[in-house]
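So the chains spell out like this:
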Amino acid sequence: MAEQRIRHQVELTELHKARGELAQTVIDLNKTLQIKEQEQQEDRIMISRYKGDIATLSRRCNTLENELEEMQHNYQLLQDEHSVLQLTYSSLEERMQKTEHENRELVERWMGSKAAEADRVNKHNDMEERYRKILSKLKRKLEQLKRNSRTSEL
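Along each chain, residues carry numbers from 1 onward, in the same order as the chain's sequence is written. Local features are withheld for residues below a pLDDT of 70 in this predicted model, meaning they are given only at 70 or higher, and side-chain atom pairs are given and counted only at 80 or more; totals for whole chains, interfaces and linings count all residues. Where side-chain values are given, they derive from all heavy atoms of the structure, hydrogens and water being excluded.

Topic: the overall build of the protein chain
The test is simple: The helix count covers DSSP runs of H or I at least four residues long, the strand count covers runs of E at least two residues long, and both are numbered beginning at the N terminus. Relative accessibility under 20% of the residue-type maximum defines a buried residue, over 50% an exposed one, and the middle range a partly exposed one, all with a 1.4 Å probe and only protein chains included. Using a 1.4 Å probe, accessible areas were evaluated by the Shrake-Rupley method; residue-level cover was limited to the displayed protein chains. Positive charge is attributed to Lys and Arg, negative charge to Asp and Glu, and no charge count is given to His or to the chain ends. Charge positions are represented by NZ for Lys, CZ for Arg, CG for Asp and CD for Glu.
Across its full length, the protein chain carries one helix and zero strands. Summarising its shape, the C-alpha atoms of the protein chain cover approximately 215 × 30 × 20 Å along the three principal directions. Looking at the protein chain residue by residue over its 154 residues, the buried ones come to 0%. Within the structure as shown, the protein chain displays about 15000 Å² of accessible surface, and the carbon and sulfur contribution to it stands at 57%. Seen as two clouds, the 28 positive and the 29 negative side-chain charges of the protein chain have centres 18 Å apart.

Okay, structure coming up:
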């Protein structure tokens, strides 16, 4: 019995030792569990933040997509307006060239007409000048004849 008692005593000691080791293991596991729970809580907080960031970025992305669509629409409108303006400009340029050509023709005809008129006026003035000279000569001759006839009457 003494031997049995010693064996029980040794076994009890080993059980106390095992119990102490298990208690330390439980303490270590509890610390690890607390650390893991704290890390899990931090991870939940980060996940919540990331979800908020994702929502914010998603809204921003939608806003930018809408702005891009609007800009593309405005760009298309500007391209269409540019095309219309180019066509209008080409048409106006063509009309201007035609008008300038017609204007040159009109000016040439007008200048021709004015030149012809000036020639007629010059010819008329030349004739008038000749008639004046002839008239002047005739007047002098008439006066001379009058003088001669007075002197011959006397």
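The discussion continues.
What to know about a nonpolar patch on the surface
To be explicit about the condition: Here the term patch refers to residues with relative accessible area over 30% and no salt bridge, with like charges joined within 9 Å and nonpolar side chains (Val, Leu, Ile, Met, Phe, Trp, Tyr) within 5 Å. Just to be clear on terms, a salt bridge is a Lys or Arg side-chain nitrogen sitting within 4 Å of an Asp or Glu carboxyl oxygen.
On the surface, a cluster of nonpolar side chains totalling about 410 Å² of accessible area is made up of M127, Y131, I134 and L138. As for its position among the elements, I134 is in helix α1 (residues 2-153).

With respect to the pattern of salt bridges
Pairing between side chains of opposite charge can happen when their charged atoms approach one another. According to the stated counting rule, one finds five salt bridges in the structure shown. In this structure, K114 and E117 form a salt bridge, with 3.5 Å as the shortest nitrogen-oxygen distance. Taken together, the residues K114 and E117, both in helix α1 and three residues apart, mark about one turn of the helix. Two residues, R132 and E129, come together in a salt bridge whose shortest N-O distance is 3.6 Å. Of this pair, R132 and E129 both sit in helix α1, three residues apart, which is roughly one turn of the helix. What you see here is one network of salt bridges that share partners, running through E128, E129 and R132.

Some remarks on the environment of R44
Relative to the assigned elements, R44 resides in helix α1. The partly exposed category is assigned to R44, whose relative accessible area is 44%. Residues R44 and E14 lie 30 residues apart in sequence; the distance between their C-alpha atoms is 43 Å.

What to know about the environment of H16
By secondary structure assignment, the location of H16 is in helix α1. Each C-alpha atom, one on H16 and one on I27, is 16 Å from the other, the two residues being eleven residues apart in sequence.

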